Amino acid sequence: MAMVKMAVVGATGAVGREMLKVLEERDFPVGELVCLADPKEEGTRVKFKGEDVIVRGASPEAFSGIDIVLLAVASEISEALAPEAVKRGCVVIDNSYAFRLREGVPLVVPEVNAGDVGQHQGIIANPNCSTIIMVVAVNPIHQAAGIRRIVVSTYQAVSGAGILGIEELTRQTRAALEEREEKPEVFQYPIAFNLIPHIDTFQENGYTKEEMKMVWETRKIMHLPDLRVSPTTVRVPVYRSHSESINIETERKISAEEARGILAKAPGVVVQDDPGAGVYPMPLYTSFRDEVFVGRIREDVSVERGLNLWVAADQIRKGAATNAVQIAEIVVRENLF
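Residues numbered from 1 in each chain as written. Predicted model: local features only at pLDDT ≥ 70, side-chain atom pairs only at ≥ 80, totals over all residues. Heavy atoms only, no water.

Chemist: Describe the overall build of the protein, with residues and values.
Modeler: Along the protein, the regular secondary structure elements total nine helices and 14 strands. On C-alpha atoms alone, the protein measures out to a radius of gyration of 20 Å, which is about the 20 Å that the 2.2 N^0.38 rule sets for 337 residues. Per-residue burial for the protein yields a buried fraction of 53% across its 337 residues. For the protein, long-range pairs separated by at least 24 residues make up 66% of all intrachain contacts whose partners lie at least 6 apart in sequence. About 14900 Å² of surface is accessible on the protein, with carbon and sulfur atoms providing 50% of the total. Averaging the positions of the 37 positive and the 47 negative side-chain charges in the protein gives two centres separated by 1 Å. (Helix = DSSP H or I, 4+ residues; strand = E, 2+ residues; numbered from the N terminus. Rg over C-alpha atoms; globule rule 2.2 N^0.38 Å. Buried < 20%, exposed > 50% of the residue type's maximum accessible area, 1.4 Å probe, protein only. Contact = heavy atoms within 4.5 Å. Areas by Shrake-Rupley, 256 points an atom, 1.4 Å probe, with all protein chains shown as cover. Lys, Arg positive; Asp, Glu negative; His and termini not counted. Charge placed at Lys NZ, Arg CZ, Asp CG, Glu CD.)

Here's what the structure looks like:
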């Protein structure tokens, strides 16, 4: 691969720092690295390949001469910066919600729709973390038997809310064990020893925006505009790695054994499915990994053509940073600048 001048925007945040790790681990051909963040953080140092990189303030001018930009910032910042980067000849891979449903912007999970990358007009969107994890697991089943309907419940780690979510869980857990009260600031209610069935804002239909993202994004990624998807997203007191309980109704009857074999060969998937021996995916053991782990594969006893899956994956890695770097690898490999 040709050497690339790369910019990471939001380099001081949880996802931005993870992007730097993934670029290094995957030996991405970074010829020159520019790390950008909020101008208030200018001068901060981050590590890349054992060296300190001094963070600069993000601005349109900072994108001059850059080949690929990885954006790991809030949607409103992406809205402002991404077009400026494109004007200066960059390919932008954006981790926010800003462009995911925009016409002409590919929404890509490389294991599912890598071919869409070539349709970009300067911006490629990285999907929601829960959507990425789900489609990696269900797309191989869809390719084999067709999917009519998905019902999914997510169990989302506090790191999905960033470093402040992690710190809040730690504080509240300590306070609860010491029989003290620690008021919630990041989440709507105490998260320690609790579950909160509320992520993002509620919509008129009773679903949250986080849940509707899974509907809209899955349809776009899988090229199934009429796919029926019903999600419930729940915040749980886990530091890292989201889990999902997925129920699939297929067009063709597929056995658990056949599904197991399909998933065992699927890119980016690790099957952990021997419940009698206590083998199944768990967030503690899927953290800091790039694969999507699938287990508890069983036929649904309530419908003729149904399957149940239990899935876990690191939402900071495959659900964000790794997926973005995989997209960048396609851009370089296919020369899609």
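Next comes the rest of the description.
Chemist: Any details on the packing of aromatic side chains? Residues and values, ideally.
Modeler: Two measures describe an aromatic ring pair: the distance that separates the ring centres and the angle between the ring planes. The tally for this structure, following the rule as stated, stands at one aromatic pair. Above the face of the Tyr 97 ring, Lys 213 is positioned so that its terminal group lies 5.0 Å from the ring centre. (Phe/Tyr/Trp six-rings, centres within 6.5 Å; stacked < 30°, edge-to-face > 60°. Lys NZ or Arg CZ within 6 Å of the ring centre and 35° of its normal.)

Chemist: Pulling in residues and values, what's your account of the packing of helix 1 (residues 14–25) against helix 9 (residues 317–333)?
Modeler: Contact geometry for helix 1 and helix 9: axes closest at 9 Å, N-to-C directions at 50 degrees. The orientation of helix 1 relative to helix 9 falls into the category oblique. Crossing handedness for the pair helix 1 and helix 9: right-handed. Contacts from Val 15, Glu 18, Met 19, Val 22, Leu 23 and Glu 25 of helix 1 reach helix 9 at Arg 317, Ala 320, Ala 321, Thr 322, Ala 324 and Val 325. (Axes fitted to C-alpha atoms, helices over the stretch in contact; angles between N-to-C directions. Parallel < 35°, antiparallel > 145°, perpendicular 65-115°, else oblique. Left-handed = near helix turned anticlockwise from the far one by under 90°.)

Chemist: So what's going on with helix 4 (residues 129–145)? Which residues, and what values?
Modeler: An ideal rise of 1.5 Å per residue puts 24 Å on 17 residues; helix 4 measures up with 25 Å between its terminal C-alpha atoms. Most of helix 4 sits inside the fold, with 15 of its 17 residues counted as buried. The distance from a side-chain oxygen at the start of helix 4 to the backbone nitrogen of Ser 130 is 2.8 Å, and the residue carrying that oxygen is Asn 128. Directly beyond the C-terminal end of helix 4, a positive phi value near 70 degrees is found at Gly 146. (Expected span 1.5 Å × (residues − 1). Polar contact = N/O pair within 3.5 Å; in protein donor to acceptor, adjacent residues only side chain to side chain.)

Chemist: How would you sum up the state of the cysteines? Please name residues and give values.
Modeler: Within this structure, the stated rule accounts for zero disulfides. Between Cys 35, a cysteine without a disulfide, and Cys 90, which holds the nearest cysteine sulfur, the sulfur-to-sulfur distance is 15 Å. (Disulfide = S-S within 2.5 Å.)

Chemist: Would you mind going over the nonpolar core in detail, with residue names and values included?
Modeler: Side chains of nonpolar character tend, in soluble globular proteins, to be buried together. Membership of the largest hydrophobic core comes to 60 residues, with the highest contact counts inside it found for Val 9, Val 69, Val 138, Ile 150, Ile 246, Val 294 and Leu 309. Ranked by the residues each element gives to this core, the list is headed by helix 4, at nine residues. The contact partners of Ile 150, leaving out residues within four places of it in the chain, are Met 134, Val 138, Leu 227, Arg 228, Val 229, Ser 230, Ile 246 and Asn 247. Judged by nonpolar contacts, the second largest core, of 33 residues, contains Val 4, Val 22, Val 117 and Val 332. (Core = buried A, V, L, I, M, F, W, Y, C linked by side-chain atoms within 4.5 Å.)

Chemist: I'd like a rundown of the pattern of salt bridges, residues and numbers included.
Modeler: Taken as a whole, this structure holds 27 salt bridges when the rule is applied. Where Arg 26 meets Glu 329, a salt bridge forms, and the shortest distance between an N and an O atom there is 2.8 Å. Here Arg 26, found in the loop between helix 1 and strand 2 (30–37), pairs with Glu 329, found in helix 9; they are 303 residues apart in sequence, far enough to count as distant. With a relative accessible area of 33%, Arg 26 lands in the partly exposed category. A salt bridge links Arg 180 to Glu 178; its shortest N-O distance comes to 2.9 Å. On the accessibility criterion, Arg 180 (41% relative accessible area) is partly exposed. (Salt bridge = Lys/Arg side-chain N within 4 Å of Asp/Glu carboxyl O.)

Chemist: Give me unusual backbone geometry: which residues, what numbers.
Modeler: The residue Lys 49 is not glycine, and still its phi comes out positive at about 55 degrees. You can see Lys 49 is positioned in the loop between strand 3 (45–48) and strand 4 (51–54). When its relative accessible area of 39% is taken as the criterion, Lys 49 is described as partly exposed. For Phe 288, which is not glycine, the phi torsion reads 65 degrees and is therefore positive. Along the chain, Phe 288 falls in the loop between helix 8 (283–286) and strand 13 (292–299).

Chemist: Run through the packing of helix 4 against helix 9, naming residues and quoting values.
Modeler: Packing of helix 4 against helix 9 leaves a shortest axis separation of 8 Å and a crossing angle of 85 degrees. On the basis of the axis angle, helix 4 is roughly perpendicular to helix 9. Residues Cys 129, Ile 132 and Val 136 of helix 4 touch helix 9, and the partners they reach there are Lys 318, Gly 319, Ala 320 and Asn 323. Class assignment for the residues of the contact of helix 4 with helix 9 results in four nonpolar, two polar and one charged. (Nonpolar A, V, L, I, M, F, W, Y, C, P; charged D, E, K, R; others polar.)

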